[in-house]
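If you want the building blocks of each chain, they are given just below.
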Amino acid sequence: MAGETAGAEQVDHARLVVSGDDRAGIVAAVSGLITELGGNIVALHQASSDRSGGRFFQRTVFYLPELARRRDEVADAIERRIVGGLGMQARLVDAGERKRVAIFASKSDHCLLDLLWRQRRGEIEMTVPLVISNHPDLGDDVRGFGIPFVHVPVGGDKAAAEAEHLRLLDGQVDLVVLARYMQILSGDFLERVGVPVINIHHSFLPAFVGANPYQRAKERGVKLIGATAHYVTEDLDEGPIIEQDVVRASHEDTVADLRRKGAGVERSVLSRAVTWHCQDRVFRDGNSTVVL
Ligand SMILES: Nc1nc2c(c(=O)[nH]1)N[C@@H](CN(C=O)c1ccc(C(=O)N[C@@H](CCC(=O)O)C(=O)O)cc1)CN2
């Protein structure tokens, strides 16, 4: 089963995540089914990609007595009435579920340690089964959180490194996060890893795609720098954007100043994106996202 379920106190709560081609009556059908099953909706967010059809997205949080005992019955009803009856995609997620998140890093520590610190404080609904890095530098920091650290060097044979990544990740994770991981992933890896990959790019995309964005920002004389969290696709830094933010820059800032200011924005943007993904709030809509 994807994810890991936390304590028993949340077993009677769940969220139902529904998406598909828009049509009249979906909200009523989902709400009616939950009510018919004896549930009470405690939160509901819905969006359609445009006014005349398009795509439908909904996240419904509900309380249902004895849900743990009745889970198969509830799941079967959703499969019949929402998936089979309306042709929608639907996922029933236990409220206490924790996504299993593998984090990739290189030498920069700020995004990685920020995520580990927030996870330890319970601010992000995830577990971190392992951290993978192409450099050994951050090993002691990661092991200090009680999390396995695996050094997988990436030399001339990137395919060999990616094969090791796939062996380490196989069936063990629900999400991969690139926390300033400075290696371009192949399309083959992205296809075979089988879970979403989120990257933090250290610029306000679409500005400054690729390497060294702060150096290029300084050369351009921009007055704003920023960070972008996006799903990773084969096309570098072109994937669906989840979250962005900016901070002011001036002529007085050196590249080192921009990197320092930018690091704060990278951390907050990546943590929000990972938090929302783990809460099943992010829906992919073509090359963009809907965040509910
Ligand atoms: N397939 C994808 N892989 C990665 C993406 C992506 O969007 N699609 N994002 C990058 C992160 N990144 C910028 O945010 C980035 C990382 C690395 C490079 C790069 O030129 N790397 C060189 C090696 C550099 C080195 O060894 O230090 C390379 O891979 O040949 C550019 C941008 C993460 N991966």
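The rules behind the values
- Residues numbered from 1 in each chain as written.
- Predicted model: local features only at pLDDT ≥ 70, side-chain atom pairs only at ≥ 80, totals over all residues.
- Heavy atoms only, no water.
- UniProt positions renumbered as here; feature names shortened; annotations may be inferred.
- Helix = DSSP H or I, 4+ residues; strand = E, 2+ residues; numbered from the N terminus.
- Buried < 20%, exposed > 50% of the residue type's maximum accessible area, 1.4 Å probe, protein only.
- Near = heavy atom within 4 Å.
- Polar contact = N/O pair within 3.5 Å; in protein donor to acceptor, adjacent residues only side chain to side chain.
- Areas by Shrake-Rupley, 256 points an atom, 1.4 Å probe, with all protein chains shown as cover.
- 1 Å grid on protein atoms, 1.4 Å probe; cavity = no way out; pocket = protein on both sides within 12 Å on 5 of 7 lines; lining within 4 Å.
- Sits in = over half its atoms within 2 Å of the grid points.

Labelled according to an unreviewed UniProt entry, the protein appears under the name Formyltetrahydrofolate deformylase, originating from Naumannella cuiyingiana. In its Pathway (unreviewed entry) section, the UniProt record describing the protein reads: "Purine metabolism; IMP biosynthesis via de novo pathway; formate from 10-formyl-5,6,7,8-tetrahydrofolate: step 1/1." Within the UniProt record for the protein, the comment given under Sequence similarities (unreviewed entry) is "Belongs to the PurU family."

Draft legend 1. Up close: the environment of arginine 167. Position of arginine 167 relative to the elements: it lies in helix H5 (residues 158-169). Arginine 167 gets classed as exposed once you look at its relative accessible area, which sits at 55%.

Draft legend 2. Structural detail: the site of the ligand. Neighbouring the ligand are 17 residues; Lys158, Gln183, Leu185, His201 and Asp237 lie closest to it. At 2.9 Å from a nitrogen atom of the ligand is found a main-chain nitrogen or oxygen belonging to threonine 233. One of the backbone N or O atoms of aspartate 237 is found 2.7 Å from an oxygen atom in the ligand. Isolated, the ligand exposes 720 Å² of accessible area, and the fraction of that covered by the protein chains is 76%. At a threshold of 2 Å from the grid points, most atoms of the ligand map onto the second largest pocket. With three residues, the top contributor of residues to the shell around the ligand is strand E11 (residues 197-201).

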